[in-house]
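Residues per chain are reported as follows:
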Amino acid sequence: MFYEDLSPYAYWDEGDQFSDVTDGMRFVSFRPLYARLNVGWLEAGRPWSSGPAPQDFTDRLLAILGAQEVNAMLGLHACDLCATPLPDSHPWYVPRPGHLRASAGTGEIRVPGPRGTAFAAPLLIGHYVADHGYLPPRPFIDAVFAFDPYGPWPARFPGIRFPWIPDDAVLRHVDEE
Ligand SMILES: [Zn+2]
């Protein structure tokens, strides 16, 4: 899956779905009022920027990756930048040293950006930054530093760590689908 950095998000057109990360069984799904911008959808053979990330950036990004679960679907998204794939015996959900994953579920994150935008990145972005030296565009780096997924903004659904949930969004249970 390749999308150019900062291009409009188009991967999943059914709106955004945030899972309650405290139990994984509840979610809210809505048509976002923010524009979504792609970041970190890398693919071998396509250009991407590399360079040293600012101090603490990787840790801040990994904290967001651990706090959100957006548009999670079954299946895996594997890194094809790795020279040699990890052995199949290494389950994707077991963190590697440095808690990075060369393959991950198909989930994503949302990071509030400037003026009604949110950045849309795949879970694998943490691996790309930490293991491959991917340097995301500056507006995304700034947004990661500015976003604390644990508040202080008011959270209507405590297990869903994103401030821009529309007022009419309803918490639902997976069994209701
Ligand atoms: Zn890789």
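Structure: above.
Keep in mind the model is a prediction, meaning the values are calculated, not measured.

**Q** For this particular structure, what's the right way to read helix H3 (residues 138-146)?
**A** For an α-helix the count is 3.6 residues per turn, leaving residues at separations of three or four pointing the same way. Residues Phe140, Ile141, Ala143 and Val144 constitute the buried set of H3. All buried residues of H3 project into a common sector of 165° when viewed along the axis, lining one side. Considering only its buried residues, H3 is in contact with helix H1 (57-67), strand S6 (108-112), strand S7 (117-122) and helix H2 (125-132).

**Q** Help me understand the coordination of the zinc ion in this model?
**A** For a metal bound by four donors in tetrahedral geometry, the ideal donor-metal-donor angle is 109.5 degrees, whereas six donors in octahedral geometry ideally sit at 90 or 180 degrees. In the first shell of the zinc ion, the protein supplies Cys79 (SG), Cys82 (SG), His127 (NE2) and His132 (NE2), at 2.0 to 2.3 Å from the metal. For the zinc ion, the four donor atoms are set out with angles of 101 to 122° between them, so the coordination reads as tetrahedral. Each donor residue of the zinc ion lies on the same chain, and together they follow the pattern C-x2-C-x44-H-x4-H. Separated by 45 residues along the polypeptide, Cys82 in the loop between strand S4 (76-78) and strand S5 (103-105) and His127 in helix H2 bring together distant segments of the chain.

**Q** In this structure, what is going on with the pairing of strand S3 (residues 35-38)? I would like to understand it.
**A** Along a regular strand, successive side chains alternate from one face of the sheet to the other. Burial along S3 is one-sided: Arg36 and Asn38 are buried, while Ala35 and Leu37, pointing the other way, are not. Looking at chain direction, S3 and S7 are connected through four bridges and run parallel. If you follow Ala35 over to S7, its bridge partner there is Thr117.

**Q** Even after reading the chapter, I still don't get the sheet that holds strand S8 (residues 172-173), so can you show me in this structure?
**A** Remark on secondary structure: sheet strands pair via backbone hydrogen bonds, oriented parallel or antiparallel. The sheet built from three strands is open, its strands ordered S1-S2-S8 with antiparallel pairing. Two strands bound the open sheet, and with one partner strand each, they are strand S1 (16-19) and S8. Two elements, S1 and strand S2 (residues 26-30), share four bridges in a ladder whose sense is antiparallel. Residue pairing in the sheet places Asp16 in a bridge with Phe30 of S2.

**Q** I keep staring at the pattern of salt bridges and nothing clicks. Help me out?
**A** Summed over all chains, the structure comprises six salt bridges. Linking Arg110 and Asp16 is a salt bridge whose minimum nitrogen-to-oxygen distance equals 2.8 Å. Of this pair, Arg110 sits in strand S6 while Asp16 sits in strand S1, and the two are 94 residues apart along the sequence. Per residue, the accessibility class of Arg110 equals that of Asp16, and both read buried. Across the pair Arg26 and Asp20 runs a salt bridge whose closest N-O atoms are separated by 3.0 Å. With a relative accessible area of 4%, Asp20 lands in the buried category.

**Q** Teacher, can you tell me more about the packing of H1 against H3 here?
**A** Axis angle and axis distance: for two packed helices, these are the angle between their axes and the distance between the axes, and together they describe the pair. It is at 9 Å that the axes of H1 and H3 come closest, and there the two elements cross at 70°. One way to sum up the angle between H1 and H3 is to call them roughly perpendicular. Regarding H1 and H3, the two cross each other, and that crossing is left-handed. Here H1 contributes Phe57, Arg60, Leu61 and Ile64 to the contact with H3, which in turn contributes Phe140, Ile141, Val144 and Phe145. Across the contact of H1 with H3, the residue classes tally to seven nonpolar, no polar and one charged.

What counts as what
Once a new chain begins, its residue numbering starts again from 1 and follows that chain's sequence as written. Totals for whole chains, interfaces and linings use all residues, but because this is a predicted model, local features are given only for residues with pLDDT of at least 70 and pairs of side-chain atoms are given and counted only at 80 or more. Calculation of side-chain values draws on the structure's entire complement of heavy atoms; hydrogens and water are dropped beforehand. Type-normalised accessible area, obtained with a 1.4 Å probe on protein chains alone, sets the label of each residue: buried when under 20%, exposed when over 50%, and partly exposed for intermediate values. Helix numbers and strand numbers start at the N terminus; a helix is a DSSP run of H or I with at least 4 residues, a strand a run of E with at least 2. Of all possible arcs, the one meant is that of the directions from the helix axis to the C-beta atoms. Only heavy atoms matter for contacts: two residues are in contact if any of them lie within 4.5 Å across the pair. Each metal site lists N, O and S donors within 2.8 Å (3.2 Å for Na, K and Ca). With water left out of the atoms, a site can look as if it is missing ligands. Angular criteria define each label, namely tetrahedral for four donors with all angles between 85 and 135 degrees, square planar for four and octahedral for six donors with opposite donors over 155 degrees apart and remaining angles between 65 and 115, and irregular for whatever fails these tests. In this scheme, strands are said to pair when DSSP sees at least two bridges between them. Throughout this description, the term salt bridge denotes a Lys or Arg side-chain nitrogen within 4 Å of a carboxyl oxygen of Asp or Glu. Under this scheme, a helix contributes an axis fitted over its contacting stretch, all axes are lines through C-alpha atoms, and angles between N-to-C directions fall in the 0 to 180 degree range. Throughout, the term roughly parallel applies to angles under 35 degrees, roughly antiparallel to angles over 145, roughly perpendicular to angles from 65 to 115, and oblique to all others. A crossing counts as left-handed when the near helix is turned anticlockwise from the far one by less than a right angle, and as right-handed when that turn is clockwise. Each residue is assigned to one class: nonpolar for Ala, Val, Leu, Ile, Met, Phe, Trp, Tyr, Cys and Pro, charged for Asp, Glu, Lys and Arg, and polar for all the others, Gly among them.

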